[in-house]
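Letter by letter, the chains look like this.
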Amino acid sequence: MVKKITDTAILNNGVSIPWLGIGLWKVYEEEEVVNTIKSAVQFGYRSIDTAANYKNEESVGKAIKKVDVSRNELFITTKVWNTHQGYESTLNAFEESRKKLDLE
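Owing to the predicted nature of the structure, the values given are computational and were not obtained by experimental measurement.

**Let's talk about unusual backbone geometry**
Next, step 1: One non-glycine residue with positive phi stands out, namely K26, at about 70 degrees.
Next, step 2: Note that K26 resides in the loop between β3 (22-23) and α1 (30-42).
Next, step 3: Backbone geometry at D102 places phi at a positive 55 degrees, although glycine is not the residue there.
Next, step 4: Examined against the element boundaries, D102 turns out to sit in the segment after α3 (87-101).
Next, step 5: Looking at D102, the relative accessible area reads 48%, which means it is partly exposed.

**So, the packing of α1 against helix α2 (residues 57-66)**
Next, step 1: Interhelical geometry of α1 versus α2 gives an angle of 40 degrees and a closest axis separation of 9 Å. Of the possible angle classes, the one that applies to α1 and α2 is oblique. Seen along the crossing, α1 lies across α2 with a hand that is right-handed. The segment α1 lies against α2, with E30, V33, V34, I37 and K38 engaging S59, V60, K62, A63 and K66.
Next, step 2: Residue composition of the contact of α1 with α2, grouped by class: 5 nonpolar, 1 polar and 4 charged.

**Overview of α3**
Next, step 1: Its 15 residues give α3 an end-to-end C-alpha distance of 21 Å, which sits within 8% of 21 Å, the value for a rise of 1.5 Å per residue.
Next, step 2: If you check which residues of α3 are buried, you get A93, S97 and L101. One side of α3 carries all its buried residues, which in axial view fall inside an arc of 70 degrees. For α3, the exposed residues lying more than 90 degrees away from the buried face are Y87, E88, N92 and K99.
Next, step 3: Summarising the contacts, the buried residues of α3 are in contact with α2 and β5 (75-77).
Next, step 4: Once α3 finishes, D102 follows within two positions and takes phi at roughly 55 degrees, a positive value.

Cut-offs used in this document
Residues numbered from 1 in each chain as written. Predicted model: local features only at pLDDT ≥ 70, side-chain atom pairs only at ≥ 80, totals over all residues. Heavy atoms only, no water. Helix = DSSP H or I, 4+ residues; strand = E, 2+ residues; numbered from the N terminus. Buried < 20%, exposed > 50% of the residue type's maximum accessible area, 1.4 Å probe, protein only. Axes fitted to C-alpha atoms, helices over the stretch in contact; angles between N-to-C directions. Parallel < 35°, antiparallel > 145°, perpendicular 65-115°, else oblique. Left-handed = near helix turned anticlockwise from the far one by under 90°. Contact = heavy atoms within 4.5 Å. Nonpolar A, V, L, I, M, F, W, Y, C, P; charged D, E, K, R; others polar. Expected span 1.5 Å × (residues − 1). Arc of directions from axis to C-beta.

If you want it as structure tokens, here you go:
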């Protein structure tokens, strides 16, 4: 049971994922993305969710660099759009998203 915003679950591979996260669907303007993420992190959110189709991954990447917590404390998710499904297409879409998010 989730009791606080920082509670996590452990995935089968041992990775800890926050139960709650901030979603960024329909948050497009860079300043709005940055302010949303900074506020969410201030309030305790450690999971940030975006998608290639949201068209805000670059702004999300910039915002991640501006928050007052270590990158290692953040769990970032993005999603592959339907037209990019399939093994090679998914790998290419992942790489494109990773670059836009400016993440390793």
